[in-house]
Amino acid sequence: MSFEELNLIAPIRDALKAEGYTAPTEIQQQAIPPLLAGRDLVGCAQTGTGKTAAFAIPILQKLALEKKEPKSQRRIRALILTPTRELAVQIGDSFSGYGKNLGLKNFVIYGGVGQKPQTDALKSGIDILVATPGRLIDLMNQKLINLHHVSFFVLDEADRMLDMGMVNDVKKIISHLPSIRQNLLFSATMPAEIMKLIDTILQDPVKIAVTPISSTVEVIDQTVYYVDKKEKRKLLIHLLKEKDIPSALVFSRTKHGADRIAKDLVKAGVQAQAIHGDKSQGARQLALNNFKGRKTRVLVATDIAARGIDIMELSHVVNFDLPNVPETYVHRIGRTGRAGLGGTAISFCDVEEKPLLKDIEKLIRISIPVAEDNPYPPTLSEPELVSAPVQDKAEPQKRNRRRRRPSGSYR
Ligand code: AMP
């Protein structure tokens, strides 16, 4: 099935083309037609299935076809609730990407940061609001937000909200929405409490379920190398020299790290370039074109810089650093193995990253096989975790959660 067959308007089709999407994913094929027809919908789907586009595209199309309000009179017509700041930002980016030709305004609010820029944006008028429940409730309590015009309501990752104790906040928010609206709920699992929520907020919903994330990543050959942080670059050079790796996208947690990796690879005789937010658009595009054109063998990227990059026939993804958010692992490795091509994902895990690996394995429900041919086995042992916790300034809550966890030992 093509996007044309889904009756999408040209500005959206063009935006999807620019994102590098050639055909709708399964969930998009199933969800977009009933959503365009105005139905409520329950989606049993996880991140990695393309569910964000499945709800963002029909919402954008319907809003775009409504009568345009002058900029100053924009009202929040779509509200998307999601449990974490990272997901909220990703969803906001998706709306910006798919809706870039529509002139609609979306905005993301979440806690843990000052509220002034958020309230300023709200005052200037927005059409689509993506929010985490806590900060939204705060702003509602301060009467700084008006939800009276919401006609699309999306509850994303409902089971995770339940786990995180957000359900009462969610119910309170819903009680402030107009009663006539289109409702969408997405959840990877359907525990009884979510079923109850579905019964109370959705009317005669279409129900769809798509292949869970574990089978999406199952087609990718995954390996983990336990390695000391200081040996990671040597290990990468070794693998690039010894293994059949035609092209690799290497993920670094930091921009500085990406530069250093690329520099060391070049020194070792491997063609490599880095892309990250500190590079100009021109330099990024050039690096990307060189990689796509096979002029460079390795592209080293941060997650933000890599977003939206679509590289066909990418054989290898290397997680030089493991991501702080487990879903990001799936996004990263999903870049290989696209279009039925079986790809390979190699991850480096130093002693501080072990809790991140555990989180990833929990999400994908796969125990990632440990490489046997490791010339740089780790020398550091577990107790050092206590004196050197993972540095993750952007996510204080997650870091605390990780620190409290007892650490296991190498497998
Ligand atoms: P999600 O499940 O919404 O987090 O999406 C997972 C990943 O799939 C994201 O990186 C999207 O950019 C990508 N994606 C979503 N829809 C498509 C599509 N139709 N074709 C290719 N990639 C897609």
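Residues numbered from 1 in each chain as written. Predicted model: local features only at pLDDT ≥ 70, side-chain atom pairs only at ≥ 80, totals over all residues. Heavy atoms only, no water.

Draft legend 1. Inspection of the pairing of strand 10 (residues 272–275) at higher detail. Two strands pair when backbone bridges link them, and strand 10 and strand 11 (residues 298–301) are joined in this way by four bridges, in the parallel orientation. Residue Q273 lies in a different strand from strand 11, and its bridge partner there is L299. For the segment spanning strand 10, helix 13 (residues 281–292) and strand 11, crossover handedness is right-handed. (Pairing = 2+ DSSP bridges. Helix = DSSP H or I, 4+ residues; strand = E, 2+ residues; numbered from the N terminus. Right-handed = clockwise from strand over helix to strand, strands pointing away.)

Draft legend 2. Inspection of the pattern of salt bridges at higher detail. Going through the model one piece at a time under the given rule, you end up with 21 salt bridges. Of the charged contacts in the structure, one is a salt bridge between R13 and E4, with a shortest N-O distance of 3.6 Å. A salt bridge links D204 to R39, with the nearest nitrogen and oxygen atoms 3.7 Å apart. Note that D204 is positioned in the loop between helix 9 (192–201) and strand 7 (206–209) and R39 in the loop between helix 2 (26–36) and strand 1 (41–44), a separation of 165 residues in sequence. Residue D204 is classed as exposed on the basis of its relative accessible area, which comes to 60%. For R39, a relative accessible area of 34% corresponds to the partly exposed category. Beyond isolated ion pairs, a larger network of salt bridges with shared partners links K232, R253, D321, D350 and E353. (Salt bridge = Lys/Arg side-chain N within 4 Å of Asp/Glu carboxyl O. Buried < 20%, exposed > 50% of the residue type's maximum accessible area, 1.4 Å probe, protein only.)

Draft legend 3. How the structure looks around the nonpolar core. With 39 residues, the main nonpolar core has L8, F55, I57, I59, L60, I80 and F95 as its most contacted residues. Counting residues per element, this core draws most heavily on helix 3 (residues 51–65), at nine residues. Not counting residues within four places of it along the chain, the set of residues in contact with L8 comprises F3, R13, L16, I32, L36, I57 and Q61. I109, F153, L155 and L202 belong to the second largest nonpolar core, which has 31 residues in total. (Core = buried A, V, L, I, M, F, W, Y, C linked by side-chain atoms within 4.5 Å. Contact = heavy atoms within 4.5 Å.)

Draft legend 4. A look at the site of the ligand. Lining the immediate surroundings of the ligand are 13 residues, of which Y21, Q28, G48, G50 and T52 lie closest. Separating an oxygen atom of the ligand from a side-chain N or O atom of Y21 is a distance of 2.5 Å. At 3.0 Å from an oxygen atom of the ligand is found a main-chain nitrogen or oxygen belonging to T49. Burial of the ligand by the protein chains amounts to 81% of its free accessible area of 500 Å². Its residues placed into classes, the shell around the ligand shows four nonpolar, eight polar and one charged. (Near = heavy atom within 4 Å. Polar contact = N/O pair within 3.5 Å; in protein donor to acceptor, adjacent residues only side chain to side chain. Areas by Shrake-Rupley, 256 points an atom, 1.4 Å probe, with all protein chains shown as cover. Nonpolar A, V, L, I, M, F, W, Y, C, P; charged D, E, K, R; others polar.)

Draft legend 5. Looking closely at the sheet that holds strand 9 (residues 248–251). The strand order across the open sheet built from six strands is 8-13-12-9-11-10, with neighbouring strands paired in parallel fashion. The outermost strands of the open sheet, each flanked by one partner alone, are strand 8 (221–226) and strand 10. When strand polarity is set aside, the average angle formed by the axes of neighbouring strands in this sheet is 20°. Contacts from helix 11 (residues 232–242) reach strand 8, strand 9, strand 11, strand 12 (316–319) and strand 13 (344–349), with the element oriented near 155° to strand 13. Here helix 15 (residues 326–333) sits on the sheet in contact with strand 8, strand 9, strand 12 and strand 13, set at roughly 155° to strand 12. (Axes fitted to C-alpha atoms, helices over the stretch in contact; angles between N-to-C directions.)

Draft legend 6. Representation of unusual backbone geometry. A positive phi angle, near 65°, is found at R294, a position not held by glycine. Assignment of secondary structure puts R294 in the loop between helix 13 and strand 11. Non-glycine residue R365 carries a positive phi angle of around 55°. Looking at where R365 falls in the secondary structure, it is placed in the loop between helix 16 (354–364) and helix 17 (384–387). Taking relative accessible area as the criterion, R365 reaches 52% and is therefore assigned exposed.

Draft legend 7. Inspection of helix 4 (residues 85–98) at higher detail. An ideal rise of 1.5 Å per residue puts 20 Å on 14 residues; helix 4 measures up with 20 Å between its terminal C-alpha atoms. Considered for burial, the residues of helix 4 that qualify are E86, L87, A88, Q90, I91, G92, S94, F95, G97 and Y98. (Expected span 1.5 Å × (residues − 1).)

Draft legend 8. Layout of the side chain of R181. The topology assignment puts R181 in the loop between helix 8 (167–175) and strand 6 (182–187). Of the side chains with opposite charge, D40 comes closest to the buried, unpaired R181, at an N-O distance of 7.0 Å. Here P178 takes part through its backbone oxygen, which lies 3.1 Å from a polar atom of the side chain of R181. Beyond its immediate stretch of four places on either side in the chain, R181 contacts D40, V150, S151, F153, I174 and I201. (Lys, Arg positive; Asp, Glu negative; His and termini not counted.)

Draft legend 9. View of the confidence of the model for the protein chain. On average, residues of the protein chain carry a pLDDT of 86, and 88% of them reach 70 or more. For residues 383–411, every residue scores under 50 in pLDDT, and the model assigns this stretch 48 contacts once sequence neighbours within four places are set aside. (pLDDT = per-residue confidence, 0-100.)

Draft legend 10. Focus on the sheet that holds strand 1. The sheet built from seven strands is open, its strands ordered 3-4-2-5-6-1-7 with parallel pairing. Looking at the sheet topology across the chains shown, the edges are occupied by strand 3 (106–109) and strand 7. Strand after strand, the sheet turns through a mean of 15° between neighbouring axes, direction not considered. With four bridges connecting them, strand 1 and strand 6 associate as parallel partners. For V42, the partnering residue across the bridge sits in strand 6 and is L185. Sitting on the sheet, helix 9 is in contact with strand 1, strand 5 (152–155) and strand 6, with an inclination near 170° to strand 6.

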